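Listed below, chain by chain, are the residues.
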Amino acid sequence: MAAAAAAAATAAVAATRLHPPILLHSAPRPQPQLRLRLLLPSPPPLRLRRRFPLLAVAAAAAAAASTSAGEGSAEEAAEKSDKARKLQRRVLVGVAIGVGAGGVVIAGGWVFAAAMAAVGLAGAREYFGLVRGTAVGGGTPPPRYVSRVCSAICALMPILTL
């Protein structure tokens, strides 16, 4: 009896599926050309080339592309190294700011309130500096004491909320 009930249940499930699932095939999308010079600035180590042969092929293709493009002048090489140093400096400063901001958020309390007050003060000073600089074309900038009072209020808001 249990076998008959199970057979009836599978027959009911099979009867509800009238059509097989429809698979729609789309045309393949064109892939952008991969710039390997950014990914592989130098050939990978030998141990990686042995383990990943595709990596060795990609490094060889990147080397062939860079030599076929022609030798760059010393000025271009100096410019590239200067750009690389600037990028490295920007990344390091960004990481330092991120770590500092994360520490402030984790510390919370008065540390967080003081940091938000400093950010509010800096933002308000920047805003009023921009207003003062653009008001030369015909508008009247606010007096300095008004901008300083507003900046102080912006700085005190996080501290007053504790």
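Residues numbered from 1 in each chain as written. Predicted model: local features only at pLDDT ≥ 70, side-chain atom pairs only at ≥ 80, totals over all residues. Heavy atoms only, no water.

Brief notes about the packing of aromatic side chains
- What the rule picks out here adds up to one aromatic pair.
- Aromatic pair Y127 and F128: ring centres 5.2 Å apart, planes at 70°, arrangement edge-to-face.
- The exposure class assigned to F128 is buried, which follows from its relative accessible area of 14%. (Phe/Tyr/Trp six-rings, centres within 6.5 Å; stacked < 30°, edge-to-face > 60°. Buried < 20%, exposed > 50% of the residue type's maximum accessible area, 1.4 Å probe, protein only.)

Quick word on helix α7 (residues 144-160)
- The end-to-end C-alpha distance of α7 is 24 Å, a good match for the 24 Å that 17 residues give at a rise of 1.5 Å each.
- Inspection of α7 places S147, S151, A155 and P158 among the buried residues, and these make up the whole buried set. (Helix = DSSP H or I, 4+ residues; strand = E, 2+ residues; numbered from the N terminus. Expected span 1.5 Å × (residues − 1).)

Things to note about the packing of helix α5 (residues 74-107) against helix α6 (residues 109-134)
- In the contact formed by α5 and α6, the axes pass within 6 Å of each other and the chain directions differ by 130°. Relative to α6, the element α5 is oriented oblique. Where α5 abuts α6, its residues V104, V105 and A107 lie against G109, V111, F112 and A115.
- Residue classes in the contact of α5 with α6 are distributed as six nonpolar, one polar and no charged. (Axes fitted to C-alpha atoms, helices over the stretch in contact; angles between N-to-C directions. Parallel < 35°, antiparallel > 145°, perpendicular 65-115°, else oblique. Contact = heavy atoms within 4.5 Å. Nonpolar A, V, L, I, M, F, W, Y, C, P; charged D, E, K, R; others polar.)

Here's the deal with the state of the cysteines
- With the rule as written, the count across this model stands at zero disulfides.
- C150 forms no disulfide, and the closest cysteine sulfur to it belongs to C154, at a distance of 6.7 Å.
- Relative accessible area serves as the criterion here: at 37%, C154 is assigned to the partly exposed category. (Disulfide = S-S within 2.5 Å.)

Comments concerning the pattern of salt bridges
- Under the criterion given, the structure shown has three salt bridges.
- Put simply, K86 and D82 hold a salt bridge, and the shortest N to O gap is 3.7 Å. Of this pair, K86 and D82 both sit in helix α5, four residues apart, which is roughly one turn of the helix.
- Judged by its relative accessible area of 41%, K86 falls in the partly exposed class.
- Overlapping salt bridges bring together D82, R85 and K86 as one network. (Salt bridge = Lys/Arg side-chain N within 4 Å of Asp/Glu carboxyl O.)

A few points about the packing of α6 against α7
- Two numbers describe how α6 lies on α7: the axes approach to 7 Å, and their chain directions differ by 155°. Relative to α7, α6 is oriented roughly antiparallel. You can see that α6 and α7 cross each other, and the crossing is right-handed. In contact with W110, A113, M116, A117, G120, L121, A124, R125, F128 and R132 of α6, α7 contributes R144, S147, C150, S151, C154, A155, P158 and I159.
- Of the residues assigned to the contact of α6 with α7, the class counts are 12 nonpolar, three polar and three charged. (Left-handed = near helix turned anticlockwise from the far one by under 90°.)

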